[in-house]
Every structure is written in structure tokens, then in C-alpha cells.
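Inside the fold
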Amino acid sequence: MRKIVYLPLDERPCNAKFPAKLLENNAEFLLVTAPREILGDKKTPAKYGAVEEFLVRETADADCLVLSVDTLLYGGIVPSRLHGETREELKKRLSLVRTLRDKNPKMTIYAFHLLMRCPQYSSDDEEPFYYGICGREIFLTGELRDRRDLSLDYDAEKLAELEKKTAPYLEDYLSRRAVNLEMDFMSVDMAGGAIDYLVLPQDDSSVYGFIAQDQRKIRAYIREKNKQNVTAIYPGCDETGMTLIARYINSVKGTPRVDIRWASAFGPSVIPLYEDRPVGETIKYQLTAAGCVLDGAADFTLYVNVPSKNMTDANASGSFRSYEVERCLPEFVENIAWRVKRGGRAAVADIAYVNGGDAELVRMLEEKGCLFRLAAYAGWNTSSNSLGTAVFQASVYTHFGNTPEHEKFLALRYYEDVGYCSRVRKQICERFLPALGLNYFDAGGKRGAAADEVAKELNAYIGALLPEVAARFEVGEAVQPWARMFETDLEIIEKE
């Protein structure tokens, strides 16, 4: 049995639990994930000493290490945006990777290190306090400065106005960005050496702005150091641990060949919300990072549910031509059903919307008897989050076939992506929380009335929408891991 040691980006289920759910009871790969008690809690960072002890102990006999550099350096994704660590301390922490390599030179090391995001909205939920005051203005300052520096059209008067408002906070924000970018450069230096392969995901990226500037600097440095074959930069974040675990499994079991089918002929050119490039290009990065290869003689077909343009949120209302006229769901579903009935592997990346799955698509797939015959399904949060999850699950399915863990993970995705993200979350925020004096950012704790209502409403909604799923699985418990409504942690129970 091969041992994979995994240090996740943070303690949320998408990072800390999803890979373990699919690899539980696997006879060939043992996944050892950093225990919950040593990870952080949203803005509270993981303790470096405990992380170091875990890594030294567990990698001594490991075959592979999949490492979040942000957790190693800063204690997690949110602490990476808040920390006050010195360059000297961060360099010392990063040097642990070389120490682990020296102690176990045969171990494969895959790492991922985020480019610090710059959200387009004002909220301090995951950012420094001042982002609640002028977060939108900080983003726009970066966008206009970037356009100015690139000699593009920009509003100089508007920029001066923004800089005046952000002046009390911009130095703190940019100094942290500079430190984090320096650490990204150091990770690139290690790629192809102490680190076998490095992904630099872009969380909430945009075409212009502070993160676009950082990306160009990193790309230039990668070219200068000839690191193009051992690094990748593309939109993504919470799926990257799964992507690199898939890369190792595929390196051992064999490279999956992947074909792509689109729900809309215009699909490859769509630029998803919170991303900076056409999704057709992002998919190439995702597949390459996961150790897959595009080939018509496919081991699995990746079905990409996407509109023709203008991607919107799963909770948006109204009629949209890009979904209803310029996308052909009937053919898309018929092709999936045809493939699985012939014994083929169909993995569905449901990225028609951000922040939730497409209930219409999933209902149509149930009518065709396909839901538990898929090689993968994912439709949560951003386009790249769903793509990486689907490719990871399909890779595991390609090598190990249909297992109880696979079917349970599919059920989790239907309950969470289609049930919670697309319907129940909004419903509870609008109809249930106000009477308790609670709201989207305050769910009354991790466990409590809101969490109980999530489980109740999910079982009712999926029972009506997807009776085949509800007949086999139900939600036993829901937990709100960051005591807010954005994410949930569902315990899925198989019915006897």
C-alpha cells in the first residue's frame, strides 16, 4: 500500500474531507490527512509547531506528500491574508520542505501555493477589518493602476479618488501581498527540486488588478527559471489538494485519457465568474495538473455543463437566453445516458452556474437513471472548484470502479451542490434566520437551530427533486464549519 500524506489548505470539508471520503477503505492508497485538531479555525491559524511535527512524523515512510504551502507558512487560507509573519520566519518554515525531502528522498512532493486574492466586494468576513470599509475600492484601485501601468485607458480622476479613500489601509494590504509574492517566488525556486510539481492557484482572479500583476510577475519568473514543465498557474483554490492527489494516483495507476463534451457550442469560450480566462483553457490546466491527457480514445468523458456566455449565480432568477436557447440540455443528457448505458465513464462538471448545481440537469439525469452511474458529479462554488472535484473523482473511478465510497460521494454532491448551494441555503437565509436574529454571516454557531434546519430542509427538498437519491441516502447531520451559511458539512447516511 502506498502512503499519501496530505496537509490541506484549511479545515473546511472541501479541503480536509473530500479526498478522504473517496479514498476511504482503498486497498492501494492510504491517505493520511492532518488531523482536525492541528488545523486552524477560519481566521485562527494552524499552529506551526503541530503542523511541523505531523509532517516530520508522517512523511518518514510516505510515498507522496501533497502540501498546502499556505497552511505550512501562514496556518491556512484566511490567515494568509491576515498574518504579520516576518520574511525570516516564513523562509525558515518553507525550508522544512527541503528537510522532509532530505529525510525521505524517494518521496514524491506535490505542493500548491496560492496567489493572494483581491476580492471585488467589501467584506471583512475573510479579509482584514478594513476590507469591510473599502474592499471594493481596494480592488478598483488595483484594476485602474494596472490599466495605467499597461498604458490602457483608465480614469485618472477616479483613481485619485480611490487612492484617497484607501490610503489609510493600502500600505498594510500591499506589504502583505509583497511578502506573500516573495514566498511564491521561493516556492517556484523549489519546483523541479525539493518540490516535484507546484500549482499556483488564483483564488478569485480577474483580468486586471493586483492579482493580475502578481500573476504576470510569477509567469515571467517561471520562464526565466525554465520551470514551465514543473509549475502551473490557473484559476482555482479549494479543489487543488484533490487535483494533486489525483496526479499521484494517476502517476502510479496510469494516465487517464479524457475527452470533453460541451452543453453549448460556445462553452469553451465562456469566462466564468471570478476567473480570468476562457474555461476551455482552464480545463486544460486542470487536466494536466491532475496527470490526465486529452485524447479522443477516452478512459472517461468530461461533460461540461456551461452556458453560451454570461455565467450567472445559481440563485439568480429570470430567463436567460444563454441557458435556454444557446445550450442544448436534451442532447447533453441523451449523450450522457447513451454513454453510461454502453458501459462508458461519464464525469459531469456542472459549471453552468457559480455557487450551486443545475437542478434541471440533475433532474433530467435522474429520469434517465444516470445519477449513480456517473464517474463523477460536481457543481459547487466556482467553476474551477467543480472541475477539479470532478476530475479527481473520475480519476479514482477510472482506476477503482464503482465503490460504496464513490456512490456515497455522489449522493453528497447532489445533496450539497444541488440541494444546499442552489436552493436550501438561500431559503433558510430568507425564511428562517431573520426570526432568530441571525443572518448569512452569523448562523448561530457551528451546530444549532440553523444547522438542524439545513438537514431537515435538504432531506425534504432532495426527497421531492431526486427521489432515487433520497431512497438510498439521507442527511443525518449538518454542521456549519465557519458558523456562517456559505459552506456546510453534511453527514450522509445510507439507508438500510
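Report follows, based on the coordinates. (Residues numbered from 1 in each chain as written. Predicted model: local features only at pLDDT ≥ 70, side-chain atom pairs only at ≥ 80, totals over all residues. Heavy atoms only, no water.)

1. Considering the layout of surface pockets
Over the atoms, a rolling probe the size of a water molecule traces out where space has been left empty. For clarity, the threshold we go by: Here a cavity means grid points, on a 1 Å grid over the protein atoms only, where a 1.4 Å probe fits yet cannot get out; a pocket means an open set of points with protein on both sides within 12 Å along at least five of seven lines; lining residues are those with an atom within 4 Å of a point. Grid points are joined across faces, edges and corners, and a volume is the space filled by probe spheres set on the points. Each residue receives one of three labels: charged for Asp, Glu, Lys and Arg, nonpolar for Ala, Val, Leu, Ile, Met, Phe, Trp, Tyr, Cys and Pro, and polar for the others, Gly being one of them.
There is about 510 Å³ of room inside the largest pocket. In terms of lining, the largest pocket is formed by 25 residues, of which the most central are Arg117, Tyr121, Glu126, Asp204 and Phe486. Of the residues belonging to the lining of the largest pocket, the class tally is eight nonpolar, seven polar and ten charged. Computed from the structure, the second largest pocket encloses a volume of approximately 350 Å³. Lining the second largest pocket are 21 residues, and of these Arg327, Tyr353, Asp358, Ala359 and Glu360 sit closest to its centre. Partitioned by chemical class, the residues of the lining of the second largest pocket number ten nonpolar, five polar and six charged.

2. A look at the sheet that holds strand 9 (residues 300-305)
To keep it simple, the criterion reads: At least two bridges found by DSSP between two strands are what make those strands a pair. Counting from the N terminus, the helices are the DSSP runs of H or I reaching at least four residues and the strands are the DSSP runs of E reaching at least two.
Ordered in space as 8-7-9-11-13, the five strands form an open sheet in which the pairing is parallel. At either margin of the open sheet sits one strand with a lone partner, and together these are strand 8 (293-294) and strand 13 (376-378). Bridge count between strand 7 (residues 257-262) and strand 9: five bridges; the pairing is parallel. In the sheet register, Val258 faces strand 9, and the bridge partner there is Phe300.

3. Some points on the packing of aromatic side chains
To keep things clear, this is the line we draw: Two rings from Phe, Tyr or Trp (for Trp, the six-membered ring) form a pair when their centres are within 6.5 Å of each other. A pair whose planes differ by under 30 degrees is stacked, one over 60 is edge-to-face, and the rest are tilted. Burial classification: accessible surface area is computed with a 1.4 Å probe over protein chains only, and a residue below 20% of its type maximum counts as buried, one above 50% as exposed, and the rest as partly exposed.
Applying the stated criterion across every chain, the model contains 19 aromatic pairs. Taking the centre distance of 6.1 Å and the plane angle of 85° together, the rings of Phe29 and Tyr248 count as edge-to-face. Taken together, the residues span a long stretch of sequence, with Phe29 in strand 2 (residues 29-33) and Tyr248 in helix 10 (residues 240-253) at a distance of 219 residues. In this structure Phe29 comes out as buried when scored by relative accessible area, which is 2%. According to the relative accessible area criterion, Tyr248 is buried, its value standing at 4%. Considering the side-chain rings of Tyr303 and Phe332, the 5.7 Å spacing of their centres and the 75° angle between planes classify their relative orientation as edge-to-face. Taken together, the residues span a long stretch of sequence, with Tyr303 in strand 9 and Phe332 in helix 13 (residues 329-341) at a distance of 29 residues.

Everything listed is a geometric property; what it means functionally is a separate question.
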